[in-house]
Amino acid sequence: MTVPFFFRKGLTNFYIAVREESEVPIVAAKRGNSRGAKGHYFRNVCEGRSTALLETTLQEVPWSGKPDEERVRDFQRKLYRKVKEDKGFRFYVLYDKVRLPHMLREAYRRCRAKQGAPGVDGQTFDDIEQTIGTEAFLATIRQELEEKTYRPSPVKRVYIPKANGKQRPLGIPTIKDRVMQMACKMVIEPIFEADFEEDSYGFRPKKSAADAITKIKANIEDGKTEIYDADLSAYFDTIPHHELLMLVAQRVSDKNVIHLIKLWLKAPIWEDGKAHSGTGCGTPQGGVISPLLANIYMNLVDRAVERPDGPFQRSGVSIVRYADDFILMAKTLKPEAIEHLKGMLARMKLTLNKEKTRLVDARTETFNFLGFTIEYAQDQFGRGKKYLRITPSAKALNSGREAIRDYVSKNRHLGPHAFVNGLNAIVRGWTNYFRIRGVSYPKEAFRKLQYYLVDKLYRFYRRKSQRRCKLANRGAFKVLVERYGLINPARIICR
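Parameters at a glance
Residues numbered from 1 in each chain as written. Predicted model: local features only at pLDDT ≥ 70, side-chain atom pairs only at ≥ 80, totals over all residues. Heavy atoms only, no water. Helix = DSSP H or I, 4+ residues; strand = E, 2+ residues; numbered from the N terminus. Expected span 1.5 Å × (residues − 1). Buried < 20%, exposed > 50% of the residue type's maximum accessible area, 1.4 Å probe, protein only. Salt bridge = Lys/Arg side-chain N within 4 Å of Asp/Glu carboxyl O. Phe/Tyr/Trp six-rings, centres within 6.5 Å; stacked < 30°, edge-to-face > 60°. Pairing = 2+ DSSP bridges. Axes fitted to C-alpha atoms, helices over the stretch in contact; angles between N-to-C directions.

> Could you give me a rundown of helix H18 (residues 443-463), with the residues and numbers involved?
Spanning 21 residues, H18 covers 30 Å between terminal C-alpha atoms, matching the ideal 30 Å at 1.5 Å per step. All of the buried residues along H18 are Ala445, Phe446, Leu449, Gln450, Tyr452, Leu453, Lys456, Leu457, Phe460 and Tyr461.

> Go over the pattern of salt bridges, please, and point to the residues and values.
For the coordinates displayed, the defined rule picks out 23 salt bridges. Linking Arg105 and Asp68 is a salt bridge whose minimum nitrogen-to-oxygen distance equals 2.8 Å. A residue pair is termed long-range when its members are at least 10 positions apart, and Arg105 in helix H5 (residues 101-114) and Asp68 in helix H3 (residues 68-85) qualify at 37 residues. Between Asp74 and Arg77 there is a salt bridge, and its shortest N-O distance comes to 3.1 Å. Residue Asp74 and its partner Arg77 are located together in helix H3, separated by three residues, close to a single helical turn. In this structure, Asp74 and Arg77 share a single accessibility class: buried. Connected through shared salt-bridge partners, Glu69, Arg73, Glu106, Arg109 and Arg110 make up one network.

> Could you give an account of the packing of aromatic side chains, with specific residues and numbers?
Enumeration over the complete set of coordinates arrives at 15 aromatic pairs. Ring centres of Phe419 and Phe460 lie 5.4 Å apart, and the angle between their planes is 5°; this geometry places the pair in the stacked category. Within this pair, whereas Phe419 is found in helix H17 (residues 416-434), its partner Phe460 is found in helix H18, the two being separated by 41 residues in sequence. Arranged with centres 4.8 Å apart and planes meeting at 70°, the rings of Phe460 and Tyr461 form a pair that is edge-to-face.

> So, the sheet that holds strand S6 (residues 318-322): which residues are in play, and what are the values?
Strands sit in the order S6-S7-S3-S8 across an open sheet of four strands; the sheet is antiparallel. Edge positions in the open sheet fall to S6 and strand S8 (358-361), since each of these has one partner strand only. Direction aside, neighbouring strands of the sheet carry axes that sit 20° apart on average. By the bridge criterion, four bridges tie strand S3 (residues 226-231) to S8 in an arrangement that is antiparallel. Bridging from a neighbouring strand, Ile227 pairs with Val360 of S8.

Here it is, written out as structure tokens:
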């Protein structure tokens, strides 16, 4: 790969070392229909089209009465196809696409759909629509982008508790910053999506944790039972800005887009009533563009593992990664491969969590990944055979109970219909995540969740008022299921 002129003057040892290890073609060798140049999401409607369209890839699509979302998709598909056909192409003019009216409208719509807490300015979507107006708000953003006067507001720092008693820091940008980040993400995401390896599943279109677990099961059944379960310490907070921007510039050399990303990376953190300057590393969890940037940086590891003549492929190592959580899998995982990984992570200025990182033999040991417990369990009929069982972990089950408990305690005065609707959203989301047809065995966990709901709802309605509630007398869970449509986890079809 040719080193971009933009970085030749300040080329670092990091770039040289990592490039040598991860230098592979953008399009991997095709195996059946599971890999190769077809891609996904952005590529579905691109097959069979004339390559003459590539000549207009970077030109604005004329308005033809299409909805904003469809216009954005059309543009993204063209970007995706261009990267797939030209492995070394770099995009020089993208900034004007970020500030297109339909791009900003679609960015606002997507941010609006996700809602989210307000940033340091306390402004909500309802405030914008009732006082300023959506069109005026987006016109202000467009003007700032055109005049290049945009400066991001400080990122509000909040903490959420973790299961181990520690706290996870989250960064909440203002709505204006979120909309700008979303517009930029929509423009550059298909460019990098075309470069990502297939075994990366986190924060990517049309990929999910279910796909990652399915891949793990397939690898274990293929005999890759030696597993290196890796955990990075505070990954999102330790991504070095300089190295990350170099990787972005390998594909996007538009200095204005690079400047936007740099502004977001270096935005001050608002905590304890004042702004704190950045440290030169980290991209706050909670930012719209942070997951994409995190995947761009970790893609170095994916490419190093997939490199055909590299130490990992010589040992038959496969990787399954979801954001910063990843495992290496092989029939025999050699110490040289693990040491090579540690050396590469050190050059990337990342640190392994020694307490959580471990080497596992899946045939005799249990390990957890993405909320699932993966183990070989005894045949329930006592025939001496073992089968690969993938179930929700005890930690994940406790999280589901905690979500139900918090919802019930905070919605004591809702009527049965509204109460059940909110409770169903929690139960549906939890069960859908762990129900992977043909892969997972969540029935036992679903029954435990049902037992908890029965007990929790009975005690809730019994204590709701000084006089015993009718729902408590009649069996609250049964009444809410039969009369108001509460989801019964134990009746969900799992296979």
